[in-house]
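Listed here are the chains, written in short residue letters.
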Amino acid sequence: MKKIIPILVILCLCTTLPGNNNSKLEVVFCLDMSGSTNGLVEDFRNNYWQLVKNINSSTNGSLKIGLIGYGRPSFGATSYYTKIFSDITQDFESISYSINQLKVNIERGDQFIPSVIYTAALGLNWDEDENTKKIIFLIGNGKVQTGKFDFRKACDIAKEKNIIVYPINCLQKTAAPVDLELWNAIATKTGGEFKSIS
């Protein structure tokens, strides 16, 4: 199921970046590492270098990326089970190392989507140049409005920093229509595009 994710990422970037693009690009991947997305970590690991190569070639080598994980109890309740594995960087090897150190076995956990967006928008060293394309790929599932943070305010902060959020929902059989509507709302509020896979 998750093997479609690299394709969706490339498609989203193709719609965002103009042809012969010379602008800088910063991409942060926020991955749901809870039990409901079993296989996502392994798929991202297996396709990581392909993603980096394909995306970097579209930016003439100006790509920087960051990595955030969420949904694992071992990440700690004080951070709402959200962990920054790498700040935004061109050290792709260090991110590859972090990914390969991740345990494939998935812990059952809770997803606090607003906290993930807050962490990505405020906890990383984004370029302040308004000409830099800044994108978050939020990949996973769960209820959007959880925890003490309002996802709308989190989206507003991202938008103020010119960050576009592309939510990619890994559908659950128990997902309610309202949950998907709120995932779509994240894209609408930040200028991104909502995708779902099953």
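Check the entry above for the structure.
What this report covers is the structure whose coordinates are included nearby. Predicted, not measured: the structure shown is a model, and the values here were computed from it.

So, how was this worked out
- Residues numbered from 1 in each chain as written.
- Predicted model: local features only at pLDDT ≥ 70, side-chain atom pairs only at ≥ 80, totals over all residues.
- Heavy atoms only, no water.
- Axes fitted to C-alpha atoms, helices over the stretch in contact; angles between N-to-C directions.
- Helix = DSSP H or I, 4+ residues; strand = E, 2+ residues; numbered from the N terminus.
- Parallel < 35°, antiparallel > 145°, perpendicular 65-115°, else oblique.
- Left-handed = near helix turned anticlockwise from the far one by under 90°.
- Contact = heavy atoms within 4.5 Å.
- Nonpolar A, V, L, I, M, F, W, Y, C, P; charged D, E, K, R; others polar.
- Pairing = 2+ DSSP bridges.
- Buried < 20%, exposed > 50% of the residue type's maximum accessible area, 1.4 Å probe, protein only.
- Arc of directions from axis to C-beta.
- Core = buried A, V, L, I, M, F, W, Y, C linked by side-chain atoms within 4.5 Å.
- Salt bridge = Lys/Arg side-chain N within 4 Å of Asp/Glu carboxyl O.
- Expected span 1.5 Å × (residues − 1).
- Bend = angle between axes of the 7 residues up to and from the residue.
- Phe/Tyr/Trp six-rings, centres within 6.5 Å; stacked < 30°, edge-to-face > 60°.

This part takes up the packing of helix H5 (residues 151-160) against helix H6 (residues 177-190). Relative orientation of the contacting elements H5 and H6 amounts to 30°, with a least axis distance of 9 Å. Classified by the angle between their axes, H5 and H6 sit roughly parallel to one another. H5 and H6 meet at a crossing whose hand is right-handed. Of the residues in H6, those in contact with Phe151, Arg152, Cys155, Asp156, Ala158 and Lys159 of H5 are Leu182, Ala185, Ile186, Lys189 and Thr190. In terms of residue class, the contact of H5 with H6 is made up of six nonpolar, one polar and four charged.

Next up on the list: the sheet that holds strand E6 (residues 195-197). Pairing is mixed in the open sheet, where six strands are placed in the order E3-E2-E1-E4-E5-E6. Each of the sheet's edge strands pairs with one partner strand only, and the pair in question is strand E3 (82-89) and E6. For this sheet the average axis-to-axis angle between neighbouring strands, irrespective of direction, equals 15°. Where strand E2 (residues 63-70) meets E3, five bridges bridge the pair, whose relative direction is antiparallel. Bridge assignment links Ile68 to a residue of E3, and that residue is Ile84. Sheet strands touched by helix H2 (residues 40-57): strand E1 (25-32), E2 and strand E4 (133-140). Its angle to E1, the strand with the most contacts, is close to 170°. Together, E2 and E3 form the strand contacts of helix H3 (residues 92-101), whose direction differs from that of E2 by roughly 20°.

Every buried residue of H3 is accounted for by Phe92, Ile95, Ser96, Ser98 and Ile99. The buried residues of H3 occupy an angular sector of 160° when the element is viewed end-on, so they sit on one face. Facing away from the buried side of H3 by over 90 degrees, the exposed positions are Glu93 and Tyr97. Contacts made by the buried residues of H3 are with H2, E2 and E3.

Here we take up the nonpolar core. The biggest cluster of nonpolar side chains holds 29 residues, and the ones touching the most others in it are Phe29, Ile65 and Phe137. At the level of elements, E1, H2, E2, H3, E4 and strand E5 (163-170) are the ones that each hand at least two residues to this core. Here the element with the most residues in this core is H2; it accounts for seven residues. Counting 25 residues, the second largest nonpolar core, distinct from the first, contains Ile113, Ala121, Cys155 and Val165.

With the rule as written, the count across this model stands at five salt bridges. Between Arg152 and Asp150 there is a salt bridge; the shortest N-O distance is 3.4 Å. The closest approach of N and O atoms between Lys189 and Asp156, which form a salt bridge, is 3.5 Å. Taken together, the residues span a long stretch of sequence, with Lys189 in helix H6 and Asp156 in helix H5 at a distance of 33 residues. Several salt bridges share partner residues, and in doing so they unite Lys24, Asp127 and Asp129 into one network.

With respect to the element layout, Leu122 can be found in helix H4 (residues 113-122). Sequence separation between Leu122 and Ile157 is 35 residues; the distance between their C-alpha atoms is 8.2 Å. Apart from the residues within four sequence positions on either side, Leu122 is in contact with Ile157 and Lys161.

As a further point, take H2. Since the α-helix advances by 3.6 residues per turn, residues separated by three or four positions end up pointing in the same direction. The end-to-end C-alpha separation of H2 is 24 Å, in line with the 26 Å expected for 18 residues at 1.5 Å each. The sharpest bend along H2 reaches about 55° and sits at Asn47.

Right, let's talk about the packing of aromatic side chains for a bit. Inspection of the entire model under this criterion finds ten aromatic pairs. Residues Tyr48 and Trp49 carry aromatic rings whose centres are separated by 5.1 Å and whose planes lie at 70° to one another, so their mutual orientation is edge-to-face. For Trp49, a relative accessible area of 39% puts it in the partly exposed group. With a centroid separation of 5.9 Å and 35° between ring planes, the pair formed by Tyr81 and Phe112 is classed as tilted. Of this pair, Tyr81 sits in the loop between E2 and E3 while Phe112 sits in the loop between H3 and H4, placing them 31 residues apart in sequence. Assigned by exposure class, Tyr81 and Phe112 land together as buried. One aromatic cluster is present, formed by Phe29, Phe44, Tyr48, Trp49, Phe137 and Tyr166 through successive ring pairs.

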